[in-house]
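The residues making up each chain are set out below.
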Amino acid sequence: MNVNFFKRFLAYLIDIILVGTIMGIISAIFTTKNATVLSNQFLELNEQVINTKLDFGIYYSRVADITLSLDRENFMINIINCVIIILYFVVLPLYKNGQTLGKKIFKIKIVREDKEDLTANELIIRNIVVNGLLNTFLAFCLVFLLSGFEYFTITSILGFIQFVLVVVSACMIIFRKDKKGLHDIITKTKVVYEEV
């Protein structure tokens, strides 16, 4: 029997809290002074726009430049974080019977429809839809090639597309009888209860 949205969401929430904590620790250890200065500039800029002291066009241009500089400054941290996501959401389920820690706690797992073993490709594609792996990879490729405006615009559009994919997938899990999301259908996988 396929697992409902609520259990899948709670399992994912546990996974995100765990992965987010690890990534937060790494960021705290490796963040440079320059990255801290850029983050503070970003916060100040947001305060200015909230207090209507700044025109939106100027705000967008400055945010774009700060975002690009910050992503360049945090390039290695972002690569490490991406590796953590791949290890946790691709490698772990690949070798642990389709389970992450969250899925293990809720006694659910990812399986292929044809009952064969999961492949890395299937898990990567699932994570392109759910965790934005493609967006992250494209940002890595573009961060040193584009201007602030171009980079911020493209990554914002990609982020919006990612958000839509997640919402569509969640709605599919909620409303479809077979409880399959977009990532399940594309990869011909499903999330089922562990056999006891």
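All of the points below concern the structure found in this document. All values reported here derive from a predicted model rather than from experimental measurement. (Residues numbered from 1 in each chain as written. Predicted model: local features only at pLDDT ≥ 70, side-chain atom pairs only at ≥ 80, totals over all residues. Heavy atoms only, no water.)

1. Side note on the nonpolar core
Within the largest apolar cluster, ten residues are counted, these being Ala 35, Leu 38, Leu 45, Leu 54, Tyr 59, Val 63, Ala 64, Ile 66, Leu 70 and Phe 152. In terms of residue count, helix H3 (residues 56-73) provides more of this core than any other element does, five residues in total. If we skip the residues at most four places from it in the chain, Leu 70 touches Ala 35, Leu 38 and Ser 39. Ranked by size, the runner-up nonpolar core spans nine residues in total, among them Val 19, Ile 26, Cys 82 and Ile 85. (Core = buried A, V, L, I, M, F, W, Y, C linked by side-chain atoms within 4.5 Å. Buried < 20%, exposed > 50% of the residue type's maximum accessible area, 1.4 Å probe, protein only. Helix = DSSP H or I, 4+ residues; strand = E, 2+ residues; numbered from the N terminus. Contact = heavy atoms within 4.5 Å.)

2. Some words on unusual backbone geometry
The phi dihedral of Lys 115 is positive, around 70°, even though this residue is not glycine. Relative to the elements of secondary structure, Lys 115 occurs in the loop between strand E1 (108-112) and helix H6 (120-130). A residue is classified by how much of its surface remains accessible, and Lys 115, at 70% relative accessible area, is exposed. For Lys 179, which is not a glycine, the phi torsion comes out positive at approximately 60°.

3. Concerning a nonpolar patch on the surface
A cluster of nonpolar side chains, Ile 157, Phe 160, Ile 161, Phe 163, Val 164, Val 167 and Val 168, forms an exposed patch at the surface whose accessible area comes to about 620 Å². Along the chain, Phe 163 falls in helix H8 (residues 148-175). (Patch = residues over 30% accessible without salt bridge, like charges linked within 9 Å, V, L, I, M, F, W, Y side chains within 5 Å. Areas by Shrake-Rupley, 256 points an atom, 1.4 Å probe, with all protein chains shown as cover. Salt bridge = Lys/Arg side-chain N within 4 Å of Asp/Glu carboxyl O.)

4. What about the pattern of salt bridges?
One pass over the structure, following the stated rule, counts seven salt bridges. Where Arg 8 meets Asp 184, a salt bridge forms, and the shortest distance between an N and an O atom there is 2.9 Å. In this pair, Arg 8 is assigned in helix H1 (residues 5-30) and Asp 184 in helix H9 (residues 182-187), connecting sequence segments 176 residues apart. Note on Asp 184: relative accessible area 0%, which makes it buried. Taking the shortest distance from any N to any O, the salt bridge between Glu 194 and Lys 104 comes out at 3.7 Å. Taken together, the residues Glu 194 in the segment after strand E2 (189-193) and Lys 104 in helix H5 (residues 101-105) connect sequence positions 90 residues apart. Residue class for Glu 194 comes out partly exposed when judged on its relative accessible area of 21%. A single network of salt bridges, built from pairs that share partners, joins Arg 8, Arg 126 and Asp 184.

5. Considerations on the side chain of His 183
Along the chain, the position of His 183 falls in helix H9. By relative accessible area, which is 5% here, His 183 ends up buried. Within the local environment of His 183, its side chain forms a polar contact with the side chain of Ser 169, the two groups lying 2.7 Å apart. Every residue in contact with His 183, bar those within four places of it in the chain, is listed here: Arg 8, Arg 126, Val 129, Val 130, Ser 169, Ile 173 and Thr 189. (Polar contact = N/O pair within 3.5 Å; in protein donor to acceptor, adjacent residues only side chain to side chain.)

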